[in-house]
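Structural features, examined
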Amino acid sequence: MFLCRVKGSVTSTIKHKSYKGLKVLVVQPIAADGKDKGDSFLACDSVQAGPGDIVLAAREGNTARQILGTEDDPLHAVIVGIVDSVTLRSE
Amino acid sequence: MKLAKVIGTVVATRKDKSLLGCKILMIQPLTDEMKSSGEAIAAIDIVQAGPDDLVYWITGREAALALSDTFAPVDATIVGIVDSVDV
């Protein structure tokens, strides 16, 4: 799973039917210290996350399908949780 | 799942029979700041996207699940045309 910051959302009317009613959010992967790490990507929301939230995103279809859809929905990335805090053991 | 811009089309007459009738587009993956994010690739289009459309697409096993033949040898499929990106 990826620790990400929600940057915004994507609206789309012409799409595959299993995306109907799903919120698509733009998420930016971040390191544990909060700095951006890598390119932003899209994920379907399942926990009512909003812009600015720190979330956990899974980029794996089986997870997305079990959470959001049925066995044969073409869903790939899903937000699975909103993070309250991240604590690191100092080395 | 990423954003991408449609930059071209691919025509292939000799191909796997399960790809018959599939529209193949060339897409350039993008970040939300419209910066290119990875190499341009060929993806199957199921939403009738056209040149210069901003789309979102998926990879992996799920890309084939978007097609009528769910065991087609496809690993990238365009699943939506973007109206707006609000960041």
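Refer to the structure above for everything that follows.
Residues numbered from 1 in each chain as written. Chains lettered and ligands numbered in written order. Predicted model: local features only at pLDDT ≥ 70, side-chain atom pairs only at ≥ 80, totals over all residues. Heavy atoms only, no water.

Looking at the overall build of chain B
The secondary structure content of chain B amounts to 1 helix and 6 strands. Listing the helices and strands of chain B from first to last along the sequence gives β-β-β-β-α-β-β. A compact globule built from 87 residues should have a C-alpha radius of gyration of about 12 Å, and chain B, at 13 Å, falls within 12% of that. Considered along the principal axes of its C-alpha atoms, chain B spans approximately 40 × 25 × 20 Å. Relative to its 87 residues, chain B shows a buried fraction of 47%. Long-range pairs, those at least 24 residues apart, make up 49% of the contacts in chain B with a sequence separation of at least 6. Looking at chain B as shown, the accessible area adds up to about 4300 Å², and 54% of this sits on carbon and sulfur atoms. Averaging the coordinates of the 8 positive side-chain charges in chain B and doing the same for the 12 negative ones gives two points 8 Å apart. (Helix = DSSP H or I, 4+ residues; strand = E, 2+ residues; numbered from the N terminus. Rg over C-alpha atoms; globule rule 2.2 N^0.38 Å. Buried < 20%, exposed > 50% of the residue type's maximum accessible area, 1.4 Å probe, protein only. Contact = heavy atoms within 4.5 Å. Areas by Shrake-Rupley, 256 points an atom, 1.4 Å probe, with all protein chains shown as cover. Lys, Arg positive; Asp, Glu negative; His and termini not counted. Charge placed at Lys NZ, Arg CZ, Asp CG, Glu CD.)

Observations regarding the sheet that holds strand 2 (residues 23-30) of chain B
Residues and elements named next belong to chain B. As summarised here, the arrangement of the 5 strands in space is 1-2-3-5-4, forming a closed barrel in which the pairing is mixed. Between one strand axis and the next, the sheet turns through 55 degrees on average, direction left out of account. Here 4 bridges tie strand 1 (residues 2-10) to strand 4 (residues 54-59), and the two strands are oriented antiparallel to one another. Along strand 4, the bridge assignment pairs Ala 4 with Val 55. (Pairing = 2+ DSSP bridges. Axes fitted to C-alpha atoms, helices over the stretch in contact; angles between N-to-C directions.)

Remarks on the interface of chain B and chain A
Put simply, an interface is often sized by how much accessible area is lost when its parts join up. Contacts between the two partners involve 25 residues from chain B, matched on the other side by 30 residues from chain A. Where chain B abuts chain A, roughly 2200 Å² becomes buried across the two surfaces, and 55% of that area is made up of carbon and sulfur atoms. A per-residue breakdown of the area chain B buries against chain A is headed by Met 1, Tyr 56 and Glu 62 of chain B, which together make up 31% of the total. Summed over the shared surface of chain B and chain A, the number is 3 salt bridges. The residue Arg 65 of chain A makes a salt bridge to Glu 62 of chain B at a minimum N-O spacing of 2.9 Å. (Buried area = accessible area lost by both parts, 1.4 Å probe. Salt bridge = Lys/Arg side-chain N within 4 Å of Asp/Glu carboxyl O.)

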